[in-house]
Amino acid sequence: MKKFFNSVDSVLAESLDGFAAAHADLVALGAERKFVRRREPNPKKVALVSGGGSGHEPLHAGFVGYGMLDAACPGQVFTSPTPDQIVEAAQAVAGEAGVLFIVKNYAGDRMNFEMAAEIAEGRTATVVTDDDVAVENSTHSIGRRGVAGTLIVEKIVGAAAERGLDIDGCVALGQRVNARTRSMGVALTSCTVPAAGTPTFSLGEDEMEMGVGIHGEPGRRRVKLERADAIADEMTTAIVQELDARDGAEALLLVNGFGGTPMIELYLMYNAARRMLERRGLRIARSMVGSFVTSLDMAGCSLTVSLLDSETTALWDHPVRTAALKW
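Residues numbered from 1 in each chain as written. Predicted model: local features only at pLDDT ≥ 70, side-chain atom pairs only at ≥ 80, totals over all residues. Heavy atoms only, no water.

This next bit is on the nonpolar core. Judged by nonpolar contacts, the single largest core of 56 residues is most densely connected at Leu-48, Phe-63, Leu-100, Leu-151, Phe-292 and Leu-325. Those elements that place two or more of their residues in this core are helix H1 (11–22), strand E6 (99–104), strand E7 (124–129), helix H4 (149–162), helix H5 (167–179), strand E11 (250–257), strand E12 (283–290) and helix H8 (310–316). For this core, the leading source of residues is H4, giving eight residues. Excluding residues within four positions of it along the chain, Phe-63 makes contact with Pro-58, Met-68, Leu-69, Leu-151, Glu-154, Phe-292, Thr-322, Ala-324 and Leu-325. With 33 residues, the next largest nonpolar core counts Met-235, Val-240, Tyr-270 and Leu-277 among its residues. (Core = buried A, V, L, I, M, F, W, Y, C linked by side-chain atoms within 4.5 Å. Buried < 20%, exposed > 50% of the residue type's maximum accessible area, 1.4 Å probe, protein only. Helix = DSSP H or I, 4+ residues; strand = E, 2+ residues; numbered from the N terminus. Contact = heavy atoms within 4.5 Å.)

Here it is, written out as structure tokens:
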């Protein structure tokens, strides 16, 4: 294993220190590095708090700032944050409008955020993301996994909260966006968790894992490596079948790298996916390409399609200023 670290035990702490120092104009670290919060919270708006295991950067800390999250709780690599982390994050950014938790559908995340909601003072509500169409259940989840579509929910609901939407409205919007968003991933290599020191799973030089999860969970099946067009065709077919979109519907297409895939390949996959979605009657109105919801050093990518309407398009276009997204 070749990694940049001083000690396996200090990887997360030192990374968080570096992140906070590099983006000190946008974020601040909570006590004992339990959370990352917005440098200048807005106490008049609904506060958005998310989190999960580290190793998916820039999710979630990279999306803390104006127009998105107010705080994010980083757990250890691929491990849920603890309830006390979540409670302290909520207390640090909460105002009179309440706190909305955005939670990926993994057993540990859901359990710990539910416990935090019971403990936290003031009003809280939760939106659960479950956009992965690959499998109904996996190693870490009951029901479908929350993956890159979580970013889209955070962006759109974050914009609405910034504009003053109340907590009930934010919940309804988040649920609507989640229901209209579907994703699927494919892995060309495994990831290597620093504490383990060896790849999570093995793939032959001519193999890929179709439908892989962002923690390296198994997908639909292991198959021989195919041409990019064939990979994109299988993924977009599965996604469109789940969306049941009308002909001519407008959509956002997100091509997300898993951490070990160069941009030249991600744009090639975007080109393939866009062509295939347009052939199926969708109009790609907004696009996003890059590594936003990663799996450490895994080579591979996911495709996410989110159906848009006039309201969600306007919210997607709302200004945002975070470490990972600025427009």
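A few words now on the environment of Ser-54. Among the structural elements, Ser-54 can be located in strand E3 (residues 47–54). The buried category is assigned to Ser-54, whose relative accessible area is 4%. Setting aside anything within four residues of it in sequence, one finds Ser-54 in contact with Leu-12, Pro-74, Gly-75, Gln-76, Val-77 and Phe-78.

This part takes up the packing of H4 against H5. Two elements in contact, H4 and H5, have axes separated by 9 Å at closest approach and are oriented at 150°. The angle between H4 and H5 falls in the class roughly antiparallel. In the crossing of H4 with H5, the sense of the turn from one axis to the other is right-handed. Contacts between H4 and H5 involve Ile-152, Val-153, Ile-156, Val-157, Ala-160 and Ala-161 from the first element and Cys-170, Leu-173, Gly-174, Val-177 and Asn-178 from the second. (Axes fitted to C-alpha atoms, helices over the stretch in contact; angles between N-to-C directions. Parallel < 35°, antiparallel > 145°, perpendicular 65-115°, else oblique. Left-handed = near helix turned anticlockwise from the far one by under 90°.)

To continue, consider the sheet that holds E3. Within the open sheet, the six strands sit side by side as E1-E2-E5-E3-E6-E7. Their pairing is mixed. The open sheet has two free edges, formed respectively by strand E1 (27–29) and E7, since each of these has just one partner strand. Put simply, the sheet's adjacent strands are angled 25° from each other on average, direction ignored. By the bridge criterion, three bridges tie E1 to strand E2 (residues 36–38) in an arrangement that is antiparallel. Counterpart to Ala-28 in the pairing with E2 is Arg-37. Together, E2, E3, strand E5 (71–77) and E6 form the strand contacts of helix H2 (residues 83–93), whose direction differs from that of E5 by roughly 160°. Helix H3 (residues 107–119) contacts E3, E6 and E7 of the sheet and is inclined by roughly 165° relative to E6. (Pairing = 2+ DSSP bridges.)

This paragraph deals with H5. Along its 13 residues, H5 runs 18 Å from first to last C-alpha, staying within 8% of the 18 Å computed at 1.5 Å per residue. Burial in H5 covers these residues: Ile-167, Gly-169, Cys-170, Val-171, Leu-173, Gly-174, Val-177 and Asn-178. Elements in contact with the buried residues of H5: E6, E7, H4, strand E8 (181–187), strand E13 (300–307) and H8. (Expected span 1.5 Å × (residues − 1).)

Take the pattern of salt bridges next. On inspection of all chains with the given rule, the structure shows 23 salt bridges. Note that Asp-132 and Arg-145 form a salt bridge whose closest N and O atoms lie 2.7 Å from each other. Of the two residues, Asp-132 is situated in the loop between E7 and H4 and Arg-145 in the loop between E7 and H4; the sequence distance between them amounts to 13 residues. When its relative accessible area of 1% is taken as the criterion, Asp-132 is described as buried. For the salt bridge of Arg-176 with Asp-309, the shortest nitrogen-to-oxygen distance reads 2.6 Å. Of this pair, Arg-176 sits in helix H5 while Asp-309 sits in the loop between E13 and H8; the two residues are 133 residues apart in sequence, bridging distant segments of the chain. Ionic contacts of the salt-bridge type, sharing partners, join the residues Glu-32, Lys-34, Asp-84 and Glu-88 into one network. (Salt bridge = Lys/Arg side-chain N within 4 Å of Asp/Glu carboxyl O.)

A word on unusual backbone geometry. Following Glu-57, the chain continues into Pro-58 via a peptide bond in cis, with omega recorded as 15°. Within the secondary structure layout, Pro-58 lies in the loop between E3 and strand E4 (65–66). The residue after Leu-59, namely His-60, is reached through a cis peptide bond having omega -5°. Tracing the chain through its elements places His-60 in the loop between E3 and E4.

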